[in-house]
Amino acid sequence: MTWFTFPADMLCRCLGISVTVWLTILIVFIIVPAVLGVSLGIRRLYMRTLLKIFEWATSRMEMGAKEKNHQLYKPYSYGIIAKEPPLCWQQGIQELRGSASCLRLEPEFEMADIFYFCRRGVESIVDDEVTKRFSAQELESWNLLTRSNYNFRHISLRLTVLWGLGVLIRYCILLPLRVTLAVTGIGLLIVLTTVVGFLPNRKLRFFLSEKAHLMCYRICVRALTAIITYHNRENKPKNGCICVANHTTPIDVIILANDGCYSLVGQVQGGLMGMMQRAMVKSSPHIWFERSEVKDRHLVAKRLGDHVADKTKQPILIFPEGTCINNTSVMMFKKGSFEIGCTVYPVAIKYDPQFGDAFWNSSKFGMVNYLLRMMSSWAIVCSVWYLPPMNIEVKIFVTTLQRNIWSITEEGEDAVQFANRVKAAIAAQGGLTDLIWDGGLKREKVKDAFKEEQQKLYSKVLVGEQDQGDHSDTKHLEDENPEDDKNNQDSTERQ
């Protein structure tokens, strides 16, 4: 009988020692630094080691391809066709018509105009600048992940061994550790915010809630091995304002909340997400809408306006694009966030796809599948820039009518112009492409208003009016969209 009990006792002892060592490492090196808000530098050392491995793997791939007379695949970073610099409509059509049409006194339709539209249409079909923003960004070099568009692990034996070792490390060591941290962070968030919510003292409740949120978000950041660099922290959002940022992934919330607390906006959910919402709103002033309230523009604006009017409340975090973009561009900002009339703090977020693709393609991956892919990547590396606060610009003009009599007029930008100015600032700081297109095109067809705009531009050419360019004015196009941008602002709650 002792022959059977001895191995069982040894197995239990080994399992107990392993669990003890695992929990000790978890608490000492991860949870305690997260509580104290300090970093031991392990993640940055890990990132530098990965960079050296990627450089060695790239050199091996180039050598192996050269030996086998193969050409390494490189993505088309600047498009797959050579587009000419954009011209205004009048110049583009005039080039096709030739010099003969210049002698005509009255402009009129010519068959050559068709070729201009055909060329523009074919260029858009072959290399569309909109739909490619809804797919993962291609890499310049392989990052030893099979989810890339490369199969370089078969070039040499050393690369195959390195790739296999990476699979073991990511799925057998990093993934269990990250899942444990994620469960710990989410569990602590629910428990601590629920307990803090019962405190009667409002100031103490808000203070402890902020500390609990920061601690839990920092644990969740470590669950993704996120390496974040924050720039210009003197421009961090203040209480009683709105913070807007470009949107790539649901973890944008965690990336920003790791450095400061925000009030979130979203629709009431069920399940685990709903449990988190109910716990969080007990301790801090988040804004959750019922499904029937989301499309009520006036109600949404009133709730947001009441929040920012209270200078003791945390800044509201909003993603005006309304959907996730692959971090190569910034698409149209919905105007609802900019109609409140308060100070807006822009934030630019730029991810490094070399270590792992943070973009969430919701039409291809569910939330659970996406999180597993994130946790089985090497790391999430990103940079965050806090931009100076911005307000709606108002210009005052003083005109002298008579002696000691002046006429004072004010001209200010509207919500659409303000949104475009903020979007341009974010795109410039993050090195992203500034696009006028609506991110809703991911799931919807092009609106008739856009087609009518192109027809109006061509009609101006026919009647001889001076064209101002392809992107003359998109303001009225956005005004025709009555749906409030809060319908999709917080993709942490829904896509």
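These numbers were taken from a predicted model, which means no experiment stands behind them. (Residues numbered from 1 in each chain as written. Predicted model: local features only at pLDDT ≥ 70, side-chain atom pairs only at ≥ 80, totals over all residues. Heavy atoms only, no water.)

### Considerations on the overall build of the protein chain
Looking only at helices and strands, the protein chain has 13 helices and 11 strands in total. Every one of the 495 residues in the protein chain was classed for burial, and the buried ones make up 44%. In the protein chain, of all internal contacts separated by at least 6 residues, the share reaching a separation of at least 24 is 77%. Accessible surface, the protein chain as shown: approximately 26700 Å² in total, 60% of it carbon and sulfur. (Helix = DSSP H or I, 4+ residues; strand = E, 2+ residues; numbered from the N terminus. Buried < 20%, exposed > 50% of the residue type's maximum accessible area, 1.4 Å probe, protein only. Contact = heavy atoms within 4.5 Å. Areas by Shrake-Rupley, 256 points an atom, 1.4 Å probe, with all protein chains shown as cover.)

### A few points about the pairing of strand β3 (residues 263-267)
Two faces, one strand: in a regular strand the side chains alternate between the faces of the sheet. Extensive coverage of β3 is indicated by the burial of five of its five residues. Burial along β3 is two-sided: the residues Ser 263, Val 265 and Gln 267 and Leu 264 and Gly 266 are all buried. Sheet analysis places β3 next to strand β5 (residues 316-318), joined by two bridges and oriented parallel. Bridge assignment links Ser 263 to a residue of β5, and that residue is Ile 316. In this structure, β3 lies alongside strand β4 (residues 287-289), joined through three bridges in parallel fashion. (Pairing = 2+ DSSP bridges.)

### What about the pattern of salt bridges?
Applying the stated criterion across every chain, the model contains six salt bridges. Across the pair Asp 259 and Arg 233 runs a salt bridge, and its minimum N-O distance is 3.1 Å. One end of the pair, Asp 259, is in the loop between α7 (252-257) and β3; the other, Arg 233, is in the loop between β1 (226-231) and β2 (242-245), and 26 residues separate them in sequence. Of the charged contacts in the structure, one is a salt bridge between Lys 423 and Asp 434, with a shortest N-O distance of 2.3 Å. You can see Lys 423 sitting in helix α11 (residues 415-430) and its partner Asp 434 sitting in strand β11 (residues 433-434), a full 11 residues away along the chain. Judged by its relative accessible area of 3%, Lys 423 falls in the buried class. On the accessibility criterion, Asp 434 (37% relative accessible area) is partly exposed. (Salt bridge = Lys/Arg side-chain N within 4 Å of Asp/Glu carboxyl O.)

### Thoughts on the side chain of Thr 193
Positionally, Thr 193 belongs in helix α5 (residues 157-196). Thr 193 gets classed as buried once you look at its relative accessible area, which sits at 1%. Polar side-chain contacts of Thr 193 include one of 2.4 Å to the backbone oxygen of Leu 189. In terms of polar contacts, Thr 193 uses its side chain to reach the backbone carbonyl oxygen of Ala 279, at 3.5 Å. In this view, Thr 193 contacts Leu 188, His 213, Ala 279, Met 280, Lys 282 and Ser 283; residues no more than four positions away in its chain are not counted. (Polar contact = N/O pair within 3.5 Å; in protein donor to acceptor, adjacent residues only side chain to side chain.)

### Some words on the nonpolar core
With 51 residues, the main nonpolar core has Ile 228, Ile 255, Leu 256, Leu 317, Val 347, Tyr 351 and Val 384 as its most contacted residues. Among the elements that line this core, the one with the most residues is helix α6 (residues 202-223), at seven residues. If near-sequence neighbours (up to four positions away) are discounted, Val 384 is found in contact with Ile 228, Thr 229, Tyr 230, His 231, Ile 255, Leu 256, Val 347, Ala 348 and Ile 349. Ile 287, Met 390, Val 422 and Ile 426 belong to the second-largest nonpolar core, a separate cluster that totals 27 residues. (Core = buried A, V, L, I, M, F, W, Y, C linked by side-chain atoms within 4.5 Å.)

### A few points about unusual backbone geometry
Its identity as a non-glycine residue notwithstanding, Thr 225 has a phi of 50°, on the positive side. The residue Thr 225 is located in the loop between α6 and β1 in this model. At Asn 327, a residue that is not glycine, the phi angle is positive and equals roughly 70°. Structurally, the position occupied by Asn 327 is in the loop between β5 and β6 (329-330). The buried category is assigned to Asn 327, whose relative accessible area is 3%.

### Considerations on the confidence of the model for the protein chain
Summing up the model confidence of the protein chain, the mean pLDDT is 77 and the portion of residues at 70 or higher is 75%. Throughout residues 466-495 the model reports pLDDT below 50, and contacts reaching past four residues in sequence, or to other chains, amount to 90 contacts. (pLDDT = per-residue confidence, 0-100.)

### Things to note about the packing of aromatic side chains
Applying the stated rule across the entire model yields six aromatic pairs. For the pair Phe 338 and Phe 418, a centre-to-centre distance of 5.5 Å together with 80° between the ring planes defines the contact as edge-to-face. Note that Phe 338 is positioned in the loop between β6 and β7 (344-352) and Phe 418 in helix α11, a separation of 80 residues in sequence. Under the relative-accessibility criterion, Phe 418 is labelled buried at 1%. An aromatic cluster is built from Phe 54, Phe 355 and Trp 378, whose rings are joined through pairwise contacts. The side chain of Arg 170 reaches across the aromatic face of Trp 378, ending 5.4 Å from its centre. (Phe/Tyr/Trp six-rings, centres within 6.5 Å; stacked < 30°, edge-to-face > 60°. Lys NZ or Arg CZ within 6 Å of the ring centre and 35° of its normal.)

### Section: the sheet that holds β5
Pairing within the open sheet is mixed, and its seven strands lie in the order β1-β8-β7-β2-β5-β3-β4. In the strand order of this sheet, the two ends are held by β1 and β4, each with one partner. Mean inter-strand twist for the sheet, computed between neighbouring axes without regard to direction, equals 25°. (Axes fitted to C-alpha atoms, helices over the stretch in contact; angles between N-to-C directions.)

### A short note on α5
Along its 40 residues, α5 runs 56 Å from first to last C-alpha, staying within 8% of the 58 Å computed at 1.5 Å per residue. Maximum bend of α5: about 40°, positioned at Leu 174, with proline Pro 176 one to four residues after it. (Expected span 1.5 Å × (residues − 1). Bend = angle between axes of the 7 residues up to and from the residue.)

### What to know about the packing of α5 against helix α8 (residues 271-283)
Between α5 and α8, the least distance of the axes is 7 Å, while the angle of their chain directions is 40°. As for how α5 packs across α8, the hand of that crossing is left-handed. Taking contact as the criterion, the partners of Ile 186, Leu 189, Ile 190, Thr 193, Thr 194 and Val 196 in α5 are, on α8, Leu 272, Met 275, Met 276, Ala 279, Met 280, Lys 282 and Ser 283. Taken together, the residues that form the contact of α5 with α8 break down as nine nonpolar, three polar and one charged. (Left-handed = near helix turned anticlockwise from the far one by under 90°. Nonpolar A, V, L, I, M, F, W, Y, C, P; charged D, E, K, R; others polar.)

### What to know about the environment of Ser 135
When you line up the elements, Ser 135 lands in the loop between α4 (113-126) and α5. Taking the C-alpha atoms as reference points, Ser 135 and Phe 359, 224 residues apart in sequence, are found 8.1 Å from one another. If we ignore the near neighbours within four places in the chain, the residues touching Ser 135 are Asn 326, Phe 359 and Asn 361.

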